[in-house]
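# Architecture and fold: a report
Each chain, letter by letter, is given below.
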Amino acid sequence: MWAYVVRRLLWMIPTFLGILVINFAVLRMQGPSLSRELTKATGGESGEMNAKLVSSGVEAYLVRFRTTGLDLPALVNLRGFIGKDEVAAWLRETERGPGVDDAARDRREKELWMAGRFLVAPLAAVLADDALAKLHGPASMALSLCAFYPLHRGELERMAADEARARGERNQALKGLRIAYANDRGDGFRTTDPEAQAKRTAAVEFAARHAAAFAAPGDRWRAILGETGFTLFLRQLATGELWSTERQQYVFSLIADRWQTSFGLNLLAILIAWMVSIPLGVRAARRVGSLEERASGSALFLLWSLPSFFVGTLLLHHLCTDHPGSTALFPNRGLSSPDSLWYSTPAYLADLAWHAALPLLVLCYGSFTALSRYMRASVLDQMSSDYVRTARAKGVSEDAVVWRHATRNSLITMITLGSELLAALFGGSIIVEYIFSIDGLGRLLLEAARSQDAPLVMGSTVISVGLLLVSILVADLLYAVADPRIRARYA
Amino acid sequence: MPETAPASPLALALRRFASRRGAQLGIALCAAFALVALYAPLLASDVAIVWWDDAGFRLPLLADLFNRRSYPKHHDLLFSVAGLLLPAIATGWWLLRRRWSASRRVLAAAGLVLCGWLLAMLPLLPDGRGGWQAVWSDRPSSACTAEAARASGAWTIFPLVPHRYDAAYAGAVLKPPGTVNPASGRGFLLGTDQVGFDVFARMAFGTRISLTIGLLATGIALAIGTVIGALSGYLGGWVDLVLQRLVEIMMCFPTFILVLVVVAMLGRDIFIITWVLGLTGWAGAARLVRGEFLAQSGRDYVLACRAAGLPAARIMFRHVLPNCMTPLLISATFGVAGSVGLESGLAFIGLGDANVPSWGMLLNQGRENIAFGWLIWVPGLAVFLLVMSLNMVGNGLREALDPKASP
């Protein structure tokens, strides 16, 4: 038995990893749109590069990049090996001029700004070099952004007060290091700042003072695989540090408030689906070919084709909305009345049942057809087997043959079907929660996806899928409990 | 006893299929939806079909079909071309019924439509300024509208509803079915939505969206699933192991969540939605094809092919795959139904393409304006009927093709 459990658990690892990878890949793909936002914020297309305009917008977007790891390379980070010459060449690529492709230039510039801590030292080296005076303006700009590491509330809570203050001051000081410059199509980079020399020395000094904070000696080797978008995502997932910038809250605390609602609804829906479709299937199997069986089969077929969003909206329209001349029979939103906290327990449960009745109906009706069909086929299969003939020959009553022998053996298939059903239900509960305004995981995921809140989407997807995998595991275990052949194989 | 022509098992099964009442009903409904999609402009357009005045006899709608300003999307052009070619295809189908096999005729028809589609996009016509322009290009909007007809007194035939699907009519927000539109003098057959669009016109053109996405997404999914399933079943070994893990991942991942996340992140465009539905929906087909390949690959004819030294790809796709067509056909029908439902569901939760009329989007408006019943019943029933008819066809195919189920 234990061998079976371990085997199932091991099989789940690649599945779960694969899901993480798919999730990560999808969220990585939205990169270009964020880069567009950054361009919009910096007025990048307007020609004249204006340091004042940039300073108002870029940090706000950098916060989003830094907290989600979108500023890091996806899988391999080689930024620690960029030296002074490479950075100088990179800076020259961001210069406007005749015949320069503006879109490519802009992209390279944004990439440089997001390149992060490893570029602070080489950029300072460019600033210290008198021969590269032309590049000092953009280098100081890039340095101030590469050195910018925002703190979100979670990090602030864990940090010592003076350390947090030091970090805040460091971020503040960065703005003062920017040398104003122009980047024209005509003559490229041109420093326009009267205080350029003072800012330049300050920037070099800043980089020297914080050298260890930005790139300690062995860091660049560790960063190759350790400081990438994917590892940051995994670390944040494992430590629960996924942070939703949109909602200013930890992703997992948002999920913790809501997952029980969805999980409970789905579990109840499965139980109801089993309780309805098992008797239906058995009944159909006993009356094969009768008018009743064919009628119920057709009715179930129609039910199966009914889209749940149509049924849900229809119920909302006819039963949950006040029309002229009639009042609503059911509430139209949520799972409990606003003042239900003050109800006695029976009243509270009654209130809950009143609220949950229609959402549950919409969630589970779609599974009746498939489940009862499988049940019917399975019972029919069992009825022609030898042990049923033996039981009949012994003189066991027909009811006992069907319910005690055939049905019990058919239930095993029902268990495995239950786990497949759950996957469908998880998707379906998004629609149901949306229609009936229930604050569950599905609605959270939907809202996160609509507002492109990447960390929240990742977190809630991973949790939904995790819950699903656990349920599949439970179903597998139940399967082993119910079927002695499996236990025997792994004994 | 009449002489019966020798027929393949598939042909026999298709004959069995055609004699079932449920399947007949499903086919009829599907055909009705297809006709609505093909001839949607005849049902709802503000341009006259026939216009006869002193200047002569004209067919303004025919010209308008190839006006890129009126129908900017590629799928609209494809449906217009297919609609115009349909009589020719039907005639050819009937004339060649004894000479060409059904699959050859299907391929020829598809090729004809695609050629017409491409031709309409090639610069073939002189544009009057010395250059060339495509048949399908930007022109001034047609002047032959309902208002112009009333003013000029020309003899005209108009579409069933003289309203455009993408025109918001002034003062026509959330009007119930039957309300008269002062702009055209005709009624809104199925009411209007919250923007002032004619629901009937949007429903007619929404059929095109549902069918396009349903068919294309299923096609993509089947192609991927077939290749992966074939490789996995035929090659076996570690290829099979790896691909089966991939299939397991796709099976475990709740498709709707995946589609929702991808569409929300990459953009709400019908092109993206179609590809996402296709790229996420192949797991079932892969499993099916793998099973069939496992069953077939030990057969004598496969061994004979191998002994003859045929390359693996040729054995897989020329010899084994045709034997797996029946389960694939069934799964394709259910797949289209599933894709149609998924697309409507996506549009319903607000993740559809806002630039095209979609049934799910209308239903979502019904949810937002919950007191207005026609916004719920009309699109909901349409999705239900299309999904149901496709399921009926799939069911009929399964019963006809499954040797166990047939009497």
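In this section: the overall build of chain B. Helix and strand content of chain B: 17 helices and five strands. Seen through its C-alpha atoms, chain B measures out along the principal axes to roughly 80 × 55 × 50 Å. Taking all 407 residues of chain B together, the buried fraction comes to 49%. Look at the contacts in chain B between residues 6 or more apart in sequence, and 69% of them connect residues 24 or more apart.

Turning our eyes to something else, we now look at the interface of chain B and chain A. With 46 residues of chain B in contact, the opposing surface of chain A contributes 48 residues. A buried area of about 4000 Å², summed over both sides, lies between chain B and chain A, and 79% of it is on carbon and sulfur atoms. Inspection of the chain B/chain A interface yields zero salt bridges. Going through the elements one at a time, helix H9 (237-252), helix H10 (255-266), helix H15 (325-348), helix H16 (359-368) and helix H17 (374-401) of chain B are the ones with two or more residues in the side of chain B that touches chain A. Counting residues per element, the side of chain B that touches chain A draws most heavily on H17 of chain B, which supplies 12 residues. When the residues that make up the side of chain B that touches chain A are grouped by side-chain class, the tally is 30 nonpolar, 10 polar and six charged.

What follows concerns the packing of aromatic side chains. In this structure the tally under the stated criterion is 20 aromatic pairs over all chains. Ring centres of Trp-304 of chain A and Phe-334 of chain B lie 5.8 Å apart, and the angle between their planes is 55°; on these two criteria the pair is classed as tilted. Of this pair, Trp-304 of chain A sits in helix H16 (residues 291-305) while Phe-334 of chain B is found in helix H15, placing the two residues in two different chains. Judged by relative accessible area, which is 19%, Phe-334 of chain B ranks as buried. Over the aromatic face of Trp-94 of chain B sits the side chain of Arg-97 of chain B, whose NZ or CZ is 4.2 Å from the ring centroid. A cation sits over an aromatic face here: Arg-104 of chain B above Trp-100 of chain B, 4.6 Å from the ring centre.

Further remarks concern the environment of Asp-483 of chain A. Relative to the helices and strands, Asp-483 of chain A is located in the loop between helix H22 (454-482) and helix H23 (484-489). Expressed as a C-alpha distance, the spacing of Asp-483 of chain A and Leu-232 of chain A, which sit 251 residues apart in the sequence, is 43 Å.

So, about the pairing of strand E2 (residues 188-191) of chain A. All names here are of chain A. In this sheet, E2 lies alongside strand E1 (residues 181-184) in antiparallel orientation, the contact comprising four bridges. Note that in E2 the partner of Asp-184 across the bridge is Gly-188. Joining the antiparallel neighbours E1 and E2 is a turn of three residues.

Residues and elements named next belong to chain B. With antiparallel pairing, the three strands of this open sheet are ordered in space as E2-E1-E5. The open sheet has two free edges, formed respectively by strand E2 (56-58) and strand E5 (155-157), since each of these has just one partner strand. Each neighbouring strand pair of the sheet contributes to a mean axis angle of 5°, computed without reference to strand direction. Pairing geometry for strand E1 (residues 50-53) and E2, over three bridges, is antiparallel. When the sheet's bridge partners are listed, Asp-53 is paired in E2 with Gly-56.

Here we come to H16 of chain B. Think of an α-helix as turning once every 3.6 residues; residues three or four places apart then point the same way. Within H16 of chain B, nine of the 10 residues are buried, which leaves it mostly tucked inside the rest of the structure. Listing the buried residues of H16 of chain B in full gives Trp-359, Gly-360, Met-361, Leu-362, Leu-363, Asn-364, Gln-365, Gly-366 and Arg-367 of chain B. On its buried face, H16 of chain B sits against helix H17 (308-319) and helix H20 (398-435) of chain A together with helix H2 (21-38), helix H8 (199-235), H15 and H17 of chain B. The residue sitting at the N-terminus of H16 of chain B and contributing the capping side-chain oxygen is Ser-358 of chain B; that oxygen lies 3.3 Å from the backbone nitrogen of Gly-360 of chain B.

What follows covers the confidence of the model for chain A. Interpretation of the predicted coordinates at a detailed level should be avoided for regions scoring low in pLDDT. All names here are of chain A. When pLDDT is averaged along chain A, the result is 83, and 94% of the positions lie at 70 or above. Averaged pLDDT values for the elements of chain A fall to 55 in helix H2 (residues 31-42) and rise to 92 in H17. Predicted confidence is poor over residues 44-52, with pLDDT under 50, and the contacts of this stretch with residues over four places away or in other chains come to 15 contacts.

Together, Trp-52, Phe-57, Leu-59, Leu-62, Leu-84, Trp-155 and Ile-157 of chain B give the surface a local cluster of nonpolar side chains, amounting to about 720 Å² of exposed area. Secondary-structure assignment places Trp-155 of chain B in strand E5.

This next bit is on helix H4 (residues 84-93) of chain A. Residue and element names in this part refer to chain A. Residues of H4 that are buried: Val-87, Ala-88, Trp-90 and Leu-91. Around the axis of H4, the buried residues are gathered within 160° of arc, so they sit on the same side. Lining the buried residues of H4 we find helix H5 (102-114), helix H6 (120-128), helix H7 (136-146) and E2.

Once that is clear, we can look at the state of the cysteines. All names here are of chain A. Scanning the model with the defined rule gives zero disulfides over all chains in all. No disulfide involves Cys-320; its nearest neighbouring cysteine sulfur is the one of Cys-364, lying 16 Å away. Here Cys-320 falls in the buried class, since its relative accessible area comes to 5%.

Residue and element names in this part refer to chain A. Each assigned domain of chain A is listed here: domain 1 (32-241) and domain 2 (252-489). On a C-alpha basis, the centroid separation for the pair domain 1 and domain 2 is 52 Å. Taken together, the seven residues of domain 1 in the interface contact five residues of domain 2. Where domain 1 abuts domain 2, roughly 500 Å² becomes buried across the two surfaces, and 77% of that area is made up of carbon and sulfur atoms. Run the count over domain 1 and domain 2 and you get zero residue pairs in polar contact (both at pLDDT 80 or more). Elements represented by at least two residues in the side of domain 1 that touches domain 2 include exactly helix H3 (51-68) and helix H13 (229-239). Counting residues per element, the side of domain 1 that touches domain 2 draws most heavily on H13, at three residues.

Here we come to the pattern of salt bridges. All names here are of chain A. One pass over the full model with this rule turns up 29 salt bridges over all chains. One salt bridge in this structure joins Arg-190 and Asp-184, with 3.1 Å as the shortest N-O distance. Two residues, Asp-439 and Arg-258, come together in a salt bridge whose shortest N-O distance is 3.6 Å. Of the two residues, Asp-439 sits in the loop between H20 and helix H21 (441-450) while Arg-258 sits in the loop between helix H14 (251-256) and helix H15 (259-286), which places them 181 residues apart along the sequence. With relative accessibility at 15%, the residue Arg-258 sits in the buried group.

All right, on to the packing of helix H1 (residues 2-28) of chain A against H10 of chain B then. Remark: H1 of chain A packs on H10 of chain B, axes separated minimally by 9 Å, with the N-to-C direction vectors making an angle of 20°. One element, H1 of chain A, and the other, H10 of chain B, form an angle in the roughly parallel class. Considering only the axes of H1 of chain A and H10 of chain B, their crossing is right-handed. Contacts from Ile-22, Val-26 and Leu-27 of chain A of H1 of chain A reach H10 of chain B at Leu-258, Val-261, Val-262 and Met-265 of chain B. Within the contact of H1 of chain A with H10 of chain B, the residues separate by chemical class into seven nonpolar, no polar and no charged.

With that settled, the discussion passes to the nonpolar core. One finds Phe-436 of chain A together with Leu-260 and Ile-349 of chain B to be the most contacted residues of the largest nonpolar core, which totals 149 residues. A per-element tally of this core places H17 of chain B first, with 16 residues. Three or more residues apiece are contributed to this core by two domains, here domain 1 (32-241) and domain 2 (252-489) of chain A. Setting aside residues no more than four positions away along its own chain, Leu-260 of chain B makes contact with Ile-430, Leu-445, Leu-446 and Ala-449 of chain A together with Leu-346, Ile-349 and Leu-351 of chain B. If you look at the next biggest cluster of nonpolar residues, it comprises 41 residues, including Leu-143, Tyr-181, Phe-189 and Ala-196 of chain A.

All names here are of chain B. For Phe-293, the location among the structural elements is in helix H12 (residues 283-296). With a relative accessible area of 0%, Phe-293 lands in the buried category. Residues Phe-293 and Cys-324, spaced 31 residues apart in sequence, show a C-alpha to C-alpha distance of 7.6 Å.

How each quantity is defined
- Sequence order sets the numbering: in each chain, residues are counted from 1 along the sequence as written.
- Written order decides the labels, with chains lettered from A and ligands numbered from 1.
- In keeping with the model being predicted, local features are shown solely for residues with a pLDDT of at least 70 and side-chain atom pairs are shown and tallied solely at 80 or more, while totals for entire chains, interfaces and linings include all residues.
- Computation of side-chain values: all heavy atoms of the structure, hydrogens and water removed.
- Segments assigned H or I by DSSP are reported as helices when at least four residues long, segments assigned E as strands when at least two residues long, and all are numbered from the N terminus.
- Throughout this description, buried means an accessible area under 20% of the type-specific maximum (1.4 Å probe, protein chains only), exposed means over 50%, and partly exposed covers the range between.
- Contacts between residues were defined by any pair of non-hydrogen atoms, one from each residue, lying within 4.5 Å.
- Here the buried area means the combined drop in accessible surface, using a 1.4 Å probe, for two parts upon being joined, counting both sides.
- Salt bridges, as used here, are contacts in which a Lys or Arg side-chain nitrogen is within 4 Å of a carboxyl oxygen on Asp or Glu.
- When residues are grouped by polarity, Ala, Val, Leu, Ile, Met, Phe, Trp, Tyr, Cys and Pro land in nonpolar, Asp, Glu, Lys and Arg in charged, and all others, Gly among them, in polar.
- The criterion for an aromatic pair is that two Phe, Tyr or Trp rings (for Trp, the six-membered ring) have centres within 6.5 Å, with stacked assigned to planes under 30 degrees apart, edge-to-face to planes over 60 apart and tilted to the rest.
- The rule is short: NZ of Lys or CZ of Arg within 6 Å of the ring centre and within 35 degrees of the ring normal puts a charge over the ring.
- DSSP bridges decide pairing: two strands pair if at least two such bridges lie between them.
- Between the N-to-C directions of two axes lies an angle of 0 to 180 degrees, each axis being a line fitted to C-alpha atoms and, for a helix, fitted only over the stretch in contact.
- Nitrogen and oxygen atoms within 3.5 Å of one another constitute a polar contact, given that in protein one can donate a hydrogen and the other can accept it, and given that sequence-neighbouring residues count only through two side-chain atoms.
- Values of pLDDT, the confidence the predictor places in each residue, fall between 0 and 100.
- Only residues above 30% relative accessible area that lack a salt bridge enter a patch, with like-charged residues linked at up to 9 Å and the nonpolar side chains Val, Leu, Ile, Met, Phe, Trp and Tyr linked at up to 5 Å.
- Note that accessible areas follow from Shrake-Rupley with a 1.4 Å probe, and for residues the cover is restricted to the protein chains shown.
- This arc describes the spread of directions from the helix axis toward the C-beta atoms.
- Pairs of cysteine sulfur atoms within 2.5 Å are what we label disulfides.
- The start and end points of each domain follow an automatic or database-based domain assignment.
- Angles below 35 degrees are treated as roughly parallel, those above 145 as roughly antiparallel, those between 65 and 115 as roughly perpendicular, and all remaining angles as oblique.
- In a left-handed crossing the near helix is turned counterclockwise from the far helix by less than a right angle, and in a right-handed crossing that turn is clockwise.
- By convention a nonpolar core is built from buried Ala, Val, Leu, Ile, Met, Phe, Trp, Tyr and Cys residues, the set being connected through side-chain atoms within 4.5 Å.

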